[in-house]
Amino acid sequence: ISIVKEEIRYSLAHLVNWARPRRTGLSLAKFPGRAFSLPRPRGVVLVMAPWNYPFLLAVGPMISAIAAGNCVTLKPSEYAPATAAVLEKMLDVCFEERFCRTVTGGAEVSAAETARPYDMIFFTGSTAVGRKVMAAAAQNLTPVVLELGGKSPCIVDETADLPVAAARIIWGKCLNSGQTCVAPDYVLVARRRKDALIREMQTAICRFYGEDPCENSAYTRLDTERHID
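Per-chain numbering applies: the sequence of each chain, read as written, is numbered from 1 onward. Local features in a predicted model are, by the rule used here, given only for residues with pLDDT of at least 70; side-chain atom pairs are given and counted only at 80 or more, and totals for whole chains, interfaces and linings are based on all residues. Calculation of side-chain values draws on the structure's entire complement of heavy atoms; hydrogens and water are dropped beforehand.

### Points about the layout of surface pockets
Line of reasoning, step 1. Two kinds of site are reported from a 1 Å grid over the protein atoms alone, namely cavities, where a 1.4 Å probe fits but cannot get out, and pockets, open sets with protein on both sides within 12 Å along at least five of seven lines, and residues are called lining when an atom falls within 4 Å of a point. Grid points are joined across faces, edges and corners, and a volume is the space filled by probe spheres set on the points. The calculated volume of the largest pocket comes to roughly 970 Å³.
Line of reasoning, step 2. What lines the largest pocket is a set of 37 residues, among which Pro50, Phe123, Thr124, Gly125 and Ser126 lie closest to the centre.
Line of reasoning, step 3. Those elements that place two or more of their residues in the lining of the largest pocket are helix H4 (107-114), strand S6 (120-125), helix H5 (127-138) and strand S7 (144-148).
Line of reasoning, step 4. Throughout, the ten residues Ala, Val, Leu, Ile, Met, Phe, Trp, Tyr, Cys and Pro are labelled nonpolar, Asp, Glu, Lys and Arg are labelled charged, and all others, Gly among them, are labelled polar. Looking at side-chain class alone, the lining of the largest pocket contains 17 nonpolar, 12 polar and 8 charged residues. Per the convention used, a helix needs a DSSP run of H or I reaching at least four residues, while a strand needs a run of E reaching at least two, with both numbered from the N terminus.

### Observations concerning helix H3 (residues 81-94)
Line of reasoning, step 1. Over its 14 residues, H3 runs 20 Å from end to end, which matches the ideal 20 Å to within 8%, given 1.5 Å per residue.
Line of reasoning, step 2. For H3, every residue scored as buried is listed here: Ala84, Leu87 and Leu91. Across the axial projection of H3, the buried residues extend over an arc of 60°, all falling on one side. Residues of H3 that are exposed and point over 90 degrees away from its buried face: Ala82, Lys89, Asp92 and Val93.
Line of reasoning, step 3. In what follows, residue pairs with any heavy atoms lying within 4.5 Å of each other are defined as contacts. As for H3, its buried residues are in contact with helix H2 (56-67), strand S4 (71-75) and strand S5 (100-102). Helices are assigned an expected span. That span is 1.5 Å times one less than the residue count. Summary of the burial criterion: residues with accessible area below 20% of their type's maximum are buried, those above 50% are exposed, and those between are partly exposed, where the area comes from a 1.4 Å probe applied to protein chains only. This arc is taken over the directions from the axis of the helix to the C-beta atoms.

### Side note on the side chain of Thr102
Line of reasoning, step 1. Mapped onto the secondary structure, Thr102 falls in strand S5.
Line of reasoning, step 2. Leave out the neighbours within four places in its chain, and Thr102 touches Leu74, Pro76, Leu87, Glu88 and Leu91.

### Looking at the packing of helix H1 (residues 2-19) against H2
Line of reasoning, step 1. Fitted lines through C-alpha atoms give the axes, limited to the stretch in contact for helices. The angle between two N-to-C directions lies from 0 to 180 degrees. Close contact between H1 and H2 brings their axes to 10 Å; oriented N to C, the two are set at 10°. One element, H1, and the other, H2, form an angle in the roughly parallel class. Residues Ile3, Val4, Glu7, Ile8, Ser11, Leu15 and Trp18 of H1 touch H2, and the partners they reach there are Leu56, Val59, Gly60, Ile63, Ser64 and Ala67. Between 65 and 115 degrees an angle is taken as roughly perpendicular, under 35 as roughly parallel, over 145 as roughly antiparallel, and anywhere else as oblique.

### Re a nonpolar patch on the surface
Line of reasoning, step 1. Residues Tyr10, Leu15 and Trp18 make up a contiguous nonpolar surface patch of about 280 Å² in total accessible area.
Line of reasoning, step 2. On the secondary structure map, Leu15 appears in helix H1.
Line of reasoning, step 3. Residue classification places Leu15 among the partly exposed positions, given a relative accessible area of 30%. A patch consists of residues whose relative accessible area exceeds 30% and which take part in no salt bridge; residues with like charges are grouped when within 9 Å of each other, and nonpolar side chains (Val, Leu, Ile, Met, Phe, Trp, Tyr) when within 5 Å. Each accessible area value is a Shrake-Rupley result obtained with a 1.4 Å probe; residue values ignore everything except the protein chains displayed when judging cover. We count a salt bridge whenever a side-chain nitrogen from Lys or Arg sits within 4 Å of a carboxyl oxygen from Asp or Glu.

### Topic: the pattern of salt bridges
Line of reasoning, step 1. This structure, assessed with the given rule, holds 7 salt bridges.
Line of reasoning, step 2. In this structure, the salt-bridge partner of Arg98 is Glu96, at a minimum N-O distance of 2.7 Å.
Line of reasoning, step 3. For Arg98, a relative accessible area of 59% puts it in the exposed group.
Line of reasoning, step 4. With its nearest N and O atoms 3.7 Å apart, the salt bridge here joins Lys151 to Asp185. Of this pair, Lys151 sits in the loop between S7 and strand S8 (153-156) while Asp185 sits in the loop between helix H6 (162-174) and strand S9 (186-189), placing them 34 residues apart in sequence.
Line of reasoning, step 5. What emerges from the salt-bridge pattern is a single network uniting Arg101, Glu113 and Arg116.

### Observations concerning the side chain of Thr124
Line of reasoning, step 1. Mapped onto the elements, Thr124 comes out in strand S6.
Line of reasoning, step 2. With a relative accessible area of 6%, Thr124 lands in the buried category.
Line of reasoning, step 3. Thr124 has contacts with Met48, Ala49, Pro50, Leu57 and Glu147, leaving out every residue within four places of it along the chain.

Written out as structure tokens, the structure is:
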């Protein structure tokens, strides 16, 4: 929530400058004419949010879209239903439906929305679903912004400070139960330092979360009904 608040403060502070016309140069053949670049909204933007940061990754893109003068349809993740309900209530209170609205539901709702002729789609999620979003958007020539997950390697070479490297790797991997797009997925380590690095990573886990992290309330649980099932 604090990151969202900062995003709002930043947008409010810079909005006048972003929206002002900007003088652009002309060739001598256009003399004595003048030219300006005028920012204009896209129109109606579909924002599709994931479940791992269900508030931040829903409201963050909305802030940018609204600051640019667009109307927004928000599709929260069906795997974070409690947050989706809060977002729906917030938008109902804060905006007229013709400016911002929420649509909820599963994959069939997402498919139906991406097939509509929006003026832009902003999707955060997996690569597999991102391909489907782009394919659906292409039918209407809708521009898309895709913020997709991937593989994030850590490289530990002969010169690395192993306790520091291990602590940083474990912190990044365990943050938000590892459900972060830049969480380390694998480590490329110099062969001679592999065993020592593993020992340091084990030490780091215990230092952060105790001997039994599953019993430690400091370790984040991030479950969805799908994961429990």
